[in-house]
Amino acid sequence: MNSGNNNSAAEQSSDLAVSSSLIPAFDPSSSLQVEKLYRAGEFIMSQGDIGDSAYFIQSGRVQISLTRSDGSKLLMGQRGAGSLIGEMAIVDDGPRSASVQAIEDCRLLEITKSDFTRALRNSSPIVGLVTRLILLRYRDVLQRSDIIRDFTGMATVLEQQERVHAEESRVLDLVRMANEFRVAAARQQLLLEYQPFIDMTTGAVIGFEALMRWQHPVRGKIGPDQFIPMAEDTGLIVDATRWAFKEACTALKRIQDRTGNRALFMSINFSATDFDEPDLFDYLISTLAETGVTAESVHLEITERLLLRKSEQVLRMLQQCRAQGMQVAIDDFGIAYSSLSYLHLYPVSILKIDYSFIKNMISDRTSMSLVKTILSLCSNMGFKSIAEGVETQDQVDLLLELECTVAQGYRFAKPMSEQALMKFLEQGHG
Ligand code: G
Ligand code: G
Ligand code: MN
């Protein structure tokens, strides 16, 4: 039945959760889709094939069957919305143990083997070991049991149990979001806003931080706290960071050209995951050349978490970046201050004092002493400091008294589009 029905899945499924209904699930012009569609009758996977994806059934129903060694066919049952199929192939390299056929039109959310492998790598080794062992034993039982009979009756109970597991783990939301993010990145739904850094002694803008947002077709503009952790867990952050770096450099070049101020710098956020890629440094260098931005105009914002790893590769990459002239800033500094030992090991140049300390420093003595401690750490170790989240004039006065001169915060400017930023600079804030 191939009667060409080109309705998008979005149109077919007005009953879907809001988060998915406007993203075209099926775009014939692109292999990149949030969901995969199978028509009733189509085979989703065939016994014996090498598979590299599992699928969550979003809607529709499938039938699972297998052929025994004597050639007889065995019905293993059916699965519907909320079930996971094809999960074995993403754990090991074994052939598909059964065939799965759509018996109704189906919408499926894919989990690729590489996504799963990365998720396993990010979790405790015990999770990986137990998962693989259970599968190994299950395959062994399957292979030895030619005695298995029709499963159809039992399968209903199994299907319910499986769905409860899936619901409890909330993994579906995560997988959907990751697949949507993948599409978002390819369809220019990511954007950057820029928040100025201010020299509080003169009031002048001296640079900007690039902050990522996701313009979601349904949920509107989403902040990084909502998607960066997912993008880190799935590895999708790597491409997103590279995009952001290039985009921010391109914007900085335009801003420098328009204002004639070559001293303006751009600060870009990096996740620890970004440093797993050995070619990160090469990418940064070639992007600088391509966009015409000097290394001196670039700050890399990293987290304490990255440095706590004590990795040779990270150290080498940061040293290379510093040697080129880029600055390295530690974001949200103080949040994980229990370990300061990494500070002298790494080529750090700036500490960004976390917003939470600045916010409370006037009312709370502990925050105040933390700010003072961080500032004296900076002056003793030759780091520059930046105060994050400065909102009031009282905070400005106090920081200046403590000889902290650079700030970022709503007192001066919120994150804004490049266009708004140009206007802001032209209004005399430059
Ligand atoms: O402006 P906002 O609330 O959106 O930013 C909060 C935090 O999100 C930032 O401090 C930063 O740590 C993180 N963030 C923002 N943009 C990016 C980005 O492009 N990459 C990464 N890895 N983190 C970002
Ligand atoms: O990477 P980092 O955590 O430094 O990003 C800065 C974050 O802090 C951004 O999300 C930005 O929107 C937010 N921010 C910047 N200035 C202020 C401020 O004055 N008040 C508050 N509440 N948030 C701020
Ligand atoms: Mn930051």
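Here the structure is shown first, and the text comes after it.
About the thresholds
Residues numbered from 1 in each chain as written. Chains lettered and ligands numbered in written order. Predicted model: local features only at pLDDT ≥ 70, side-chain atom pairs only at ≥ 80, totals over all residues. Pairing = 2+ DSSP bridges. Helix = DSSP H or I, 4+ residues; strand = E, 2+ residues; numbered from the N terminus. Buried ≥ 20, exposed ≤ 12 C-beta atoms within 10 Å, placed from the backbone. Axes fitted to C-alpha atoms, helices over the stretch in contact; angles between N-to-C directions. Near = placed C-beta within 6 Å. Nonpolar A, V, L, I, M, F, W, Y, C, P; charged D, E, K, R; others polar.

Visitor: Hey, could you run me through the sheet that holds strand β1 (residues 36-38) in this one?
Guide: Within a sheet, adjacent strands bond to each other through the backbone by hydrogen bonds, running parallel or antiparallel. If you trace the 4 strands from one edge of the open sheet to the other, you get β1-β8-β3-β6, paired in antiparallel fashion. Single-partner strands in this sheet number two, and they are β1 and β6 (84-85).

Visitor: I'm lost on the pairing of strand β3 (residues 53-59) in this one. Help?
Guide: Among the 7 residues that make up β3, 6 are buried, leaving the element largely enclosed by the rest of the structure. Bridge count for β3 against β6 is 2 bridges, and the pairing is antiparallel. In the strand pairing of β6, Y55 is matched with I85.

Visitor: Please explain the sheet that holds strand β2 (residues 43-45) as it appears in this structure.
Guide: With antiparallel pairing, the 4 strands of this open sheet are ordered in space as β2-β7-β4-β5. Of all strands in the sheet, those bounded by a partner on one side alone are β2 and β5 (73-79). The mean inter-strand angle of the sheet, taken between neighbouring strand axes irrespective of direction, is 30 degrees. Relative to strand β7 (residues 99-102), strand β4 (residues 62-67) is paired through 4 bridges, and the arrangement is antiparallel.

Visitor: What is the right way to look at the site of ligand 1 in this model?
Guide: For ligand 1, the set of nearby residues contains 14 residues, the closest of which are L211, M212, P224, N269 and S271. Of all elements in the fold, only β10 (204-216), α8 (224-234) and α9 (237-259) reach the threshold of two or more residues within the shell around ligand 1. In the shell around ligand 1, the residues fall into 8 nonpolar, 4 polar and 2 charged.

Visitor: Can you walk me through the site of ligand 2 in this structure?
Guide: Around ligand 2 sit 16 residues in total, of which D331, G389, E391, G409 and Y410 are the nearest. The class makeup of the residues in the shell around ligand 2 is 5 nonpolar, 5 polar and 6 charged.

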